[in-house]
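These are the residues of each chain, in order.
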Amino acid sequence: QLQASGGGLVQAGESLRLSCAASGRTARTVSNNGMGWFRQAPGKEREFVAAIDWRGSNSVYADSVKGRFTMSRDNAKNAVYLQMNSLKPEDTAIYYCAVSQSSAATQLARLYRSWGQGTQVTVSS
């Protein structure tokens, strides 16, 4: 299982750090796989945010968050993180973490096989 946390209500320009922890059977495989963050705003389709490879040495980002968000991981804790700085109202969404079938960092949603419950991020203007 994956559990995302760290969401909340902030003002534009502020920061949040999301965490995603794996447990159970998922935890035994997380360290060998890439992981990603996706988000879904009300009335919109789910979109890619960031992904990181299994070692944490390579990450990719959506253009909309590049330079503001940083994804990292701690395989010893079976966890990934998303540091979000300079938040904007358009970042408001439910954020989901997921485990990829690939060891690489990928933005292809179809390659993600395990999805956690999301955490709500709301950015006020």
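It should be noted that the structure appears before, not after, this text.
Okay, so let's go over this structure. (Residues numbered from 1 in each chain as written. Predicted model: local features only at pLDDT ≥ 70, side-chain atom pairs only at ≥ 80, totals over all residues. Heavy atoms only, no water.)

The nonpolar side chains of a soluble globular protein tend to be buried, and buried together. Ranked by internal contacts, the top residues of the largest apolar core, which has 36 residues, are Met35, Trp37, Met71, Leu82, Met84 and Tyr95. Non-local contacts of Met71, meaning those with residues more than four positions away in its chain, are made with Met35, Gly36, Trp37, Ala50, Ala51, Ile52, Tyr61, Val80, Tyr81 and Leu82. (Core = buried A, V, L, I, M, F, W, Y, C linked by side-chain atoms within 4.5 Å. Buried < 20%, exposed > 50% of the residue type's maximum accessible area, 1.4 Å probe, protein only. Contact = heavy atoms within 4.5 Å.)

We now examine the pattern of salt bridges. A complete count under the given rule lists four salt bridges for this structure. Put simply, Glu47 and Arg39 hold a salt bridge, and the shortest N to O gap is 2.6 Å. Note on Arg39: relative accessible area 4%, which makes it buried. One salt bridge in this structure joins Asp63 and Lys66, with 3.1 Å as the shortest N-O distance. The two residues Asp63 and Lys66 agree in class, both being exposed. One network of salt bridges, in which partners are shared, links Arg39, Glu47, Arg68 and Asp91. (Salt bridge = Lys/Arg side-chain N within 4 Å of Asp/Glu carboxyl O.)

On to the packing of aromatic side chains, then. What the rule picks out here adds up to four aromatic pairs. Pairing Tyr112 with Trp115 gives two aromatic rings, centres 6.1 Å apart and planes at 55°, and the pair type is tilted. Three or more aromatic residues joined by ring pairs form one cluster here, namely Phe38, Phe48, Tyr112 and Trp115. Seen from the ring of Phe38, Arg46 lies directly overhead, with NZ or CZ sitting 5.9 Å from the centre. For Arg46, the ring lying beneath its charged end belongs to Trp115, and the centroid distance is 4.1 Å. (Phe/Tyr/Trp six-rings, centres within 6.5 Å; stacked < 30°, edge-to-face > 60°. Lys NZ or Arg CZ within 6 Å of the ring centre and 35° of its normal.)

Purely spatial values, then, with no claim about function.
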